[in-house]
Number of protein chains: 2
Amino acid sequence: MTTDSIIHPTTAVIIPAAGNGSRFGSDTPKQFLALRGKPIVFHVIERFLAEHHVARVIVCVAPEWRQFVEDAATSGQWDRVTVTEGGSTRQESVHRGVLVASGLERINIVAIHDAVRPFFRLSTLRAAIHGAEHVGAALPGIPLTDTIHRTQDRMIVETPDRENWVAAQTPQCFRLSLLREVLDRARNEGITGTDEAGLAARFGHLVRVIEGDPMNLKITRPEDLAFASYIFEKWGAMVE
Amino acid sequence: MTTDSIIHPTTAVIIPAAGNGSRFGSDTPKQFLALRGKPIVFHVIERFLAEHHVARVIVCVAPEWRQFVEDAATSGQWDRVTVTEGGSTRQESVHRGVLVASGLERINIVAIHDAVRPFFRLSTLRAAIHGAEHVGAALPGIPLTDTIHRTQDRMIVETPDRENWVAAQTPQCFRLSLLREVLDRARNEGITGTDEAGLAARFGHLVRVIEGDPMNLKITRPEDLAFASYIFEKWGAMVE
């Protein structure tokens, strides 16, 4: 299977980018804010296009952003990108992307990636693909650097041993058939997960955690964007 | 009590700084690495000295670093700093600091602060002191930006709803009598907590979570130190 995937790309990437949320005090959704002169999600798309495992990048956007992304695909000569309309939630957007992936030939693995994580390593993608090929689902995770507490009414009710916990990153990879089953079931049962890996585990599937990377920053706040610019300036080569 | 605390400083700060850990590939413990030409922990100490609630700053260090900190106290004219020897664990260092605080007059509240968090706001300290005065213990917490998973043998076993979780920051504030009781009991029962707030909650005390600040960065990795330098350059005033 691994040999085959080198000869024929069998991975479809889904980037849910339909959210309009921003903690930036800006009307522009954060995935479209500029990082070194280019929308963050475009950095993400172009990084995936550099990887030979990737047969297709499916970008799920809100209707009002569709033309913008399609124009970029044309001018950037993105040869393996499909732009499609996302849903009202991240999970719904991923579900729509999975339906698009199901209509493509030879797709075995789906990689889901946050639109605001431009610094993932291609080696992480490859490791997650391998994990999904072997156990069905895999994602990068990093150790928690902070103590975490569960709270209720603003009071601490539990402090778990953080050694057994990870913070989830993306790309999260799945066998396509498994992910379809998980998302169909979640929709039927009215369940919304915070990520697809958690949903898959909840439904009894094995989900392997592979080694993530602290540099695989999720840009959710203004200071993250400032730091991301800084990384680009100083350490651009480091995250290749 | 609040009025009194304005007239007579009643808070002692404990900074456990005896660790020799470093993820920096350096022999220097991270709290002594230079941030804009000055050891990180010295920034922390000087920020506390700027606050009138603070009667005393107790710095717990490894024996080999004691003279270095005492020299800085002299040359920096730190008028309210006590340097003492820490223990082999963070909790043990805090315990020793609490014994020092217990020997001081008028101390009602103890604030424990990470040696590598130079960007806390004084308003956060005040809010945590207030919280401790009212319920006994309080700490700043911020929402989790990442999904977290509990793992076993590198597989996901649980994905909690992160809405009910916070990442702990410092300063964590306690009534002195409460903290002594908690630490004595933890020692007697052989329990090591990841933070003192978690220990207090575990022993049945109310621990309030107040609003933390994403900028209150914990410097634990090289990229954190680079970002901290960046904050200092660009946004020094923002975190006052």
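See the structure above.
Since the model is a prediction, treat every value here as computed from it, not as a measurement.

Draft legend 1. Structural context of the packing of helix α4 (residues 90-102) of chain B against helix α6 (residues 176-189) of chain B. Residues and elements named next belong to chain B. Contact pair α4 / α6: the axes reach a minimum separation of 10 Å and the direction vectors enclose 140°. By the angle between their axes, α4 is oblique relative to α6. Of the two elements, α4 crosses α6, and the hand of that crossing is left-handed. Along its contact with α4, which presents Gln91, Glu92, Val94, His95, Val98, Leu99, Ala101 and Ser102, the element α6 presents Leu176, Leu179, Arg180, Leu183, Asp184, Ala186 and Arg187. Class assignment of the residues belonging to the contact of α4 with α6 gives a composition of eight nonpolar, three polar and four charged.

Draft legend 2. Representation of the interface of chain A and chain B within the structure. Taken together, the 44 residues of chain A in the interface contact 43 residues of chain B. Seen at the junction of chain A and chain B, the total is two salt bridges. A salt bridge links Asp146(A) to Arg117(B), with the nearest nitrogen and oxygen atoms 3.4 Å apart. Inspection of the region where chain A meets chain B yields 16 residue pairs in polar contact (both at pLDDT 80 or more). Secondary-structure elements contributing two or more residues to the side of chain A that touches chain B are β8 (148-152), β9 (155-158), β10 (165-168), α7 (196-202), β12 (208-211) and α8 (222-235) of chain A.

Draft legend 3. Up close: helix α3 (residues 63-75) of chain A. Residues and elements named next belong to chain A. Those residues of α3 that sit buried are Val69, Ala72 and Ala73. Buried residues of α3, seen end-on, are gathered within an arc of 100° and therefore sit on one face of the element. Of the exposed residues in α3, those oriented more than 90 degrees away from the buried face are Glu64, Thr74 and Ser75. Summarising the contacts, the buried residues of α3 are in contact with α2 (40-49), β4 (54-61) and β5 (81-85). Where α3 ends, the next residue or the one after it, glutamine 77, has phi of about 55°, a positive value.

Here is what the cut-offs are and how they apply
Residues numbered from 1 in each chain as written. Chains lettered and ligands numbered in written order. Predicted model: local features only at pLDDT ≥ 70, side-chain atom pairs only at ≥ 80, totals over all residues. Heavy atoms only, no water. Axes fitted to C-alpha atoms, helices over the stretch in contact; angles between N-to-C directions. Helix = DSSP H or I, 4+ residues; strand = E, 2+ residues; numbered from the N terminus. Parallel < 35°, antiparallel > 145°, perpendicular 65-115°, else oblique. Left-handed = near helix turned anticlockwise from the far one by under 90°. Contact = heavy atoms within 4.5 Å. Nonpolar A, V, L, I, M, F, W, Y, C, P; charged D, E, K, R; others polar. Salt bridge = Lys/Arg side-chain N within 4 Å of Asp/Glu carboxyl O. Polar contact = N/O pair within 3.5 Å; in protein donor to acceptor, adjacent residues only side chain to side chain. Buried < 20%, exposed > 50% of the residue type's maximum accessible area, 1.4 Å probe, protein only. Arc of directions from axis to C-beta.

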